[in-house]
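Below are the chains, spelled out letter by letter.
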Amino acid sequence: MSAAQAPRLALLGNPNCGKTALFNLLTGHRQKVANYAGVTVERKQGWLTTPQGRRAQLLDLPGTYSLDPLSQDEQVTRDVVQGRLAGEARPDLLVCVVDATHLQLNLRLVLEAQALGLPMVLVLNMADVAQSQGMRIDTARLAAELGMPVVLAVSVQKDGARALLEQLDALFTQGLAAPLPAAADAGVVDPVALNQRVRELLALTLQAPAKRWGLSDRIDRFALHPLWGMVLLALLLLFMFQAVFAWAAWPMDAIEAGIGWVGEQVATRMSDGPLRSLLVDGVIAGVGGVLVFLPQILILFIFIFLLEDSGYLPRAAFLMDRAMGSVGLSGRSFIPLLSSFACAVPGIMATRTITHWRDRWLTILVAPLMTCSARLPVYALLIGAFIPQRTVGGLFNLQGLVLFALYVMGIVSAMLVAYVVSRRSGKGQPTPLLMELPAYRWPSARNIARGLWERGLIFVRRVGGIILALMVLLWFLSSYPAAPEGFTGAAVAHSFAGRLGGVLEPLFAPLGFDWRIVVALIPAMAAREVVVAALGTVYALSAQGEQVHEALGALIAEQWTLPTALALLVWFVYAPQCVATLAAVRRETGHWRHALGVAAYLFALAYLMAWITYRVAGAWGAT
C-alpha cells in the first residue's frame, strides 16, 4: 500500500495521558520529527503495522485539554483535526487516548472531538494502574454509550497496544466511514452539558472504591511538602550531578584510551605532512576531544528520563511554582526551563504551551541560563584539570559539588534576571499553574533505552557533522600560513587563527584569557562543546615535543592559572548561546531583535561575571 493510500491516524489526548509513549510503542523507530508548515510546533509522524500486516500513518498531536485552544500547541491540534491547517491532510481516524485513572478530566476532550464527524477509537491507557487502584470500567457499556470502539492499553509494556492494533485491523476490514465536514465551531461544546454528560458516563461505566490514600498520595505527603519536598528535590539534583562525574569515569577513560590509540596508529603509519596533521590534530584530536564526554551526557539524560517517566517532573513543577511566581515567572515556565537543562532549543520551543506573551517572553529570555548538556564537556575538562578529586564530609565528591554549584549559579541568575525584567516591565501577573499530577509509576526501561539511543545518535551526528567541519576549518586557520624559518614562539601564533586571537586578546585580557582561549571561543558560538575540541586543536598545534601527546587537561593545568580557569567556567554559565539557540529565539518570537537582545545581555553578563571572578580569585591568592 502506498503512502497516499494508507489510512491516516491521529493520536489525540490530554497532556500526561501516555499518548507519546503509545506512539513510540506503535511506531518504534519508524518515525520522524519535524515542524508543521508555517509554525514551530513539533510534528511527530510514524508508521504502524497491524497483526494482519496492514500499514497506517500515525500522527502524534500536541497534548490538549480542549479543542477551544489557549496556546499555539492546542491551536495546531484543533486545526489539524478540523482539516484547517495548510498542507496537513485531515485524519481518517482519531485515536483518542485517555488516562484510565482520570476519566472525569479526560472524557471531556473525547466528547468535544465527537462533534468533528471523524471515525474514532477510544484507548483507555494506564489500564494496569487503574486496576491496581481498584477501578472497574465497563468498556462494553462505555463503547455503546459513546458509539465508538473502546480498548484497554498499557503503553509501557511490550504488548500493551495489542488490543488497539487488533481493533484497527477490524476497522480497516470493514472500511472507515468518510469523515463528515467539520463545522466552524466543531469541538466547542456547552461546558455545563458536557460536564453533565461526563458524570452520566462515569455513573454508568465506572466502579471505583471510595477515595483513599493510595501509594502516590502517601508519597506526595512528603514529596510535595513545602519544606521537605524542596529538600528532596535538591538532594535528587545533587545526586544527579555527583553521578555525572562518578559513574562516567571508567567509560570516559576507555574512550579516551581508544582515541589516543587511534591517533598514535595514524601518526606512526603516516609520514609527516599536512594530511597527517589534519587527521591527527584536526579530526582525531578535535572530534575525539568531544566524543569522550558522551558518557556524562547520557548519564544526565538517564536521570531526566527517570524523573519524567516516573511522574515526578510535574511534582517538581508544582514545588517550584511559588518560587518562580515570586520572581515574575509563570508556573508553566518550569517544564520549558527544565527541558533547557538538556538543550535550550527544545526548552525555548516548549514555551509555546505558555498562554500569555509576557510570561512566554520572560521564559525565553532566561532559558539560555539553564546549564545545557553542551556545557558539560567544558565543565568536565576544567573541573577535572583544576579541582582536586577528593571527598568532602566523607560523602560528597568535590568535583561534583563544583558542578552542582555551576548549575545553581545558572538557576539563581535566571531567577534574578526574571525578577529585574518583570519589575521593570510592570505588566500583568504570572499565570497560575494548573496541571494534573499523574500517579507514580515504574519507569519503562524500553522508553529510557529508546530515549538514550536517540540522544546518543543526535550527539554522535553532531560530532560527525558540525563539530567535524568546524575542527577542519579551525585546523586550516591554525595551520596556515605556516610560520617562516627562524620564527620564535608557537607556530600557530603566525596563522590566521593566531592573528585573529591576537587582535581580540586585549578585549579578553581583563578576564585572564590569552589568545589561545579566544581562538577556541569563536567556534563555540556554533556549538558550545566545540571549545574543548578547539582547545585540543590549538594546543596540539602550538605545543612542543611530547606535549602534543599529553592530555589536554594536564596541559592547561600546567599553563593556566586557577583564576583563569574559574573565569572561563563562569563565562560559560552566561556566555551567548549557540547559533541554534538564537535561531530558535528568532523563530519563536518572530523577530531578530529579540534574538540579538538575548545575545547582547548574555555577553554582557558573561563578561561582567567572568571579570569579577578573575579579580576576586586573584585577590584571594588563587594561582
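Computed from a predicted model, the values in this text were never measured in an experiment.

Chemist: What's the story with helix α10 (residues 249-269) in this structure? I'm lost.
Modeler: Note that an α-helix has 3.6 residues per turn; residues three or four places apart therefore point the same way. Along its 21 residues, α10 runs 30 Å from first to last C-alpha, staying within 8% of the 30 Å computed at 1.5 Å per residue. P251, M252, G263, V266 and A267 are the residues of α10 that are buried. Down the axis of α10, the buried set is contained in an arc of 140°. They therefore lie on one face. Facing away from the buried side of α10 by over 90 degrees, the exposed positions are W250, W261, T268 and R269.

Chemist: How should the pattern of salt bridges be read in this particular structure?
Modeler: For side chains bearing opposite charge, pairing can occur when the charged atoms are close. Scanning the entire structure with this criterion turns up 12 salt bridges. In this structure, the salt-bridge partner of E145 is R197, at a minimum N-O distance of 3.2 Å. You can see E145 sitting in helix α5 (residues 139-146) and its partner R197 sitting in helix α7 (residues 191-205), a full 52 residues away along the chain. Under the relative-accessibility criterion, E145 is labelled partly exposed at 28%. Residue classification places R197 among the partly exposed positions, given a relative accessible area of 24%. For the salt bridge of D220 with R315, the shortest nitrogen-to-oxygen distance reads 2.8 Å. Of this pair, D220 sits in helix α8 (residues 215-223) while R315 is found in helix α13 (residues 313-325), placing the two residues 95 residues apart along the sequence. Comparing D220 with R315 shows no difference in burial state: the two are buried. Ionic contacts of the salt-bridge type, sharing partners, join the residues R141, E145, R197 and E200 into one network.

Chemist: Before we go on, may I ask you to explain the nonpolar core in this structure?
Modeler: Generally speaking, a soluble globular protein has its nonpolar side chains buried in company with each other. L329, F513, L521, W560, L568, W571 and F572 are the most contacted members of the largest nonpolar core, which totals 97 residues. Tallying contributions element by element places helix α24 (residues 562-574) first for this core, with nine residues. If near-sequence neighbours (up to four positions away) are discounted, W560 is found in contact with L382, F386, I517, L535, Y539, A565 and L568. Counting residues in each nonpolar core, the second largest holds 35 residues, with L12, L67, M120 and M148 among its members.

Chemist: Looking at this structure, how should I read a nonpolar patch on the surface?
Modeler: The grouping of F222, L227, W228, V231 and L235 at the surface amounts to a nonpolar patch, some 480 Å² of accessible area in total. Among the elements that make up the nonpolar patch, the one with the highest residue count is helix α9 (residues 228-246) (three residues). The residue L235 is located in helix α9 in this model. Judged by its relative accessible area of 49%, L235 is partly exposed.

Chemist: Any chance you could explain the packing of aromatic side chains here in plain terms?
Modeler: Geometry of an aromatic ring pair is reported as the spacing of the ring centres plus the angle between the planes. A complete count under the given rule lists nine aromatic pairs for this structure. Following the ring pairs from residue to residue traces out a cluster consisting of F508, F513, W571, F603 and Y607. Here R315 stacks its cationic end above the ring of Y440, 3.9 Å away from the centre of that ring.

Chemist: Quick question: what am I supposed to make of unusual backbone geometry here?
Modeler: One can expect most non-glycine residues to show negative phi and most peptide bonds to be in trans. Backbone geometry at M126 places phi at a positive 60°, although glycine is not the residue there. When you line up the elements, M126 lands in the loop between β6 (120-125) and α4 (127-132). A relative accessible area of 11% places M126 in the buried class.

Chemist: Sorry, what's going on with the packing of helix α17 (residues 376-386) against helix α18 (residues 398-425) here?
Modeler: Geometrically, a packed helix pair is captured by the angle between its two axes and the distance between the axes. Two numbers describe how α17 lies on α18: the axes approach to 10 Å, and their chain directions differ by 135°. Considered as vectors, α17 and α18 are oriented oblique to each other. Crossing angle aside, the handedness with which α17 passes α18 is right-handed. In this structure, α17 contributes L376, Y379, I383 and G384 to the contact, and α18 contributes Q399, V402, L403, L406 and Y407. Of the residues assigned to the contact of α17 with α18, the class counts are seven nonpolar, two polar and no charged.

Chemist: Looking at this structure, I do not really get the pairing of β6. What am I missing?
Modeler: The side chains of a regular strand alternate, first on one face of the sheet and then on the other. Counting buried residues in β6 gives six out of six residues, a clear majority hidden from the surface. The two faces of β6 match: M120, L122 and L124 on one face and V121, V123 and N125 on the other face are all buried. As a crossover connection, the stretch from strand β5 (residues 93-99) through helix α3 (residues 103-114) into β6 is right-handed.

Chemist: For this particular structure, what's the right way to read the environment of L67?
Modeler: Secondary-structure assignment places L67 in the loop between β4 (55-60) and α2 (72-81). Note on L67: relative accessible area 2%, which makes it buried. Sequence separation between L67 and T77 is 10 residues, and the spatial gap between their C-alpha atoms is 7.6 Å.

Chemist: Would you take a moment to explain the pairing of strand β1 (residues 8-13) for this structure?
Modeler: Of all six residues in β1, six are buried, a share of seventy percent or more. Taking every second residue as pointing to the same face, both faces of β1 are buried, with R8, A10 and L12 on one and L9, L11 and G13 on the other. Pairing between β1 and β4: four bridges, direction parallel. The residue of β4 that forms the bridge with A10 is L59. Judged from the five bridges that link them, β1 and β5 form a sheet pairing that is parallel. Bridge pairing links L11 to V95 in β5.

Chemist: Explanation requested: the state of the cysteines in the structure shown.
Modeler: The term disulfide refers to a covalent linkage connecting the sulfur atoms of a pair of cysteines. Going through the model one piece at a time under the given rule, you end up with zero disulfides. Free of any disulfide, C96 has its nearest neighbouring cysteine sulfur in C17, separated by 9.8 Å.

Chemist: Where do I start with the side chain of T589 in this structure?
Modeler: Relative to the helices and strands, T589 is located in helix α25 (residues 579-589). Looking at T589, its side chain comes within polar contact range of the main-chain oxygen of V585, at 2.7 Å. With residues near it in sequence (within four places) discarded, T589 still touches W357, W361, I364 and H594.

Chemist: Please clarify how the environment of A254 should be interpreted in this entry.
Modeler: Inspection of the secondary structure puts A254 in helix α10. Between the C-alpha atoms of A254 and V292, which are 38 residues apart in sequence, the distance is 8.7 Å.

Chemist: Whenever I open this one, the packing of helix α16 (residues 357-366) against α25 confuses me. Can you help?
Modeler: For the pair α16 and α25, the least separation of the axes is 11 Å and the interaxial angle reads 175°. Accordingly, the angle class assigned to the pair α16 and α25 is roughly antiparallel. Mapping the contact onto sequence places W357, R360, W361 and I364 in α16 and V585, E588 and T589 in α25. Residue classes in the contact of α16 with α25 are distributed as four nonpolar, one polar and two charged.

About the criteria used
- Residues numbered from 1 in each chain as written.
- Predicted model: local features only at pLDDT ≥ 70, side-chain atom pairs only at ≥ 80, totals over all residues.
- Heavy atoms only, no water.
- Helix = DSSP H or I, 4+ residues; strand = E, 2+ residues; numbered from the N terminus.
- Expected span 1.5 Å × (residues − 1).
- Buried < 20%, exposed > 50% of the residue type's maximum accessible area, 1.4 Å probe, protein only.
- Arc of directions from axis to C-beta.
- Salt bridge = Lys/Arg side-chain N within 4 Å of Asp/Glu carboxyl O.
- Core = buried A, V, L, I, M, F, W, Y, C linked by side-chain atoms within 4.5 Å.
- Contact = heavy atoms within 4.5 Å.
- Patch = residues over 30% accessible without salt bridge, like charges linked within 9 Å, V, L, I, M, F, W, Y side chains within 5 Å.
- Areas by Shrake-Rupley, 256 points an atom, 1.4 Å probe, with all protein chains shown as cover.
- Phe/Tyr/Trp six-rings, centres within 6.5 Å; stacked < 30°, edge-to-face > 60°.
- Lys NZ or Arg CZ within 6 Å of the ring centre and 35° of its normal.
- Axes fitted to C-alpha atoms, helices over the stretch in contact; angles between N-to-C directions.
- Parallel < 35°, antiparallel > 145°, perpendicular 65-115°, else oblique.
- Left-handed = near helix turned anticlockwise from the far one by under 90°.
- Nonpolar A, V, L, I, M, F, W, Y, C, P; charged D, E, K, R; others polar.
- Right-handed = clockwise from strand over helix to strand, strands pointing away.
- Pairing = 2+ DSSP bridges.
- Disulfide = S-S within 2.5 Å.
- Polar contact = N/O pair within 3.5 Å; in protein donor to acceptor, adjacent residues only side chain to side chain.

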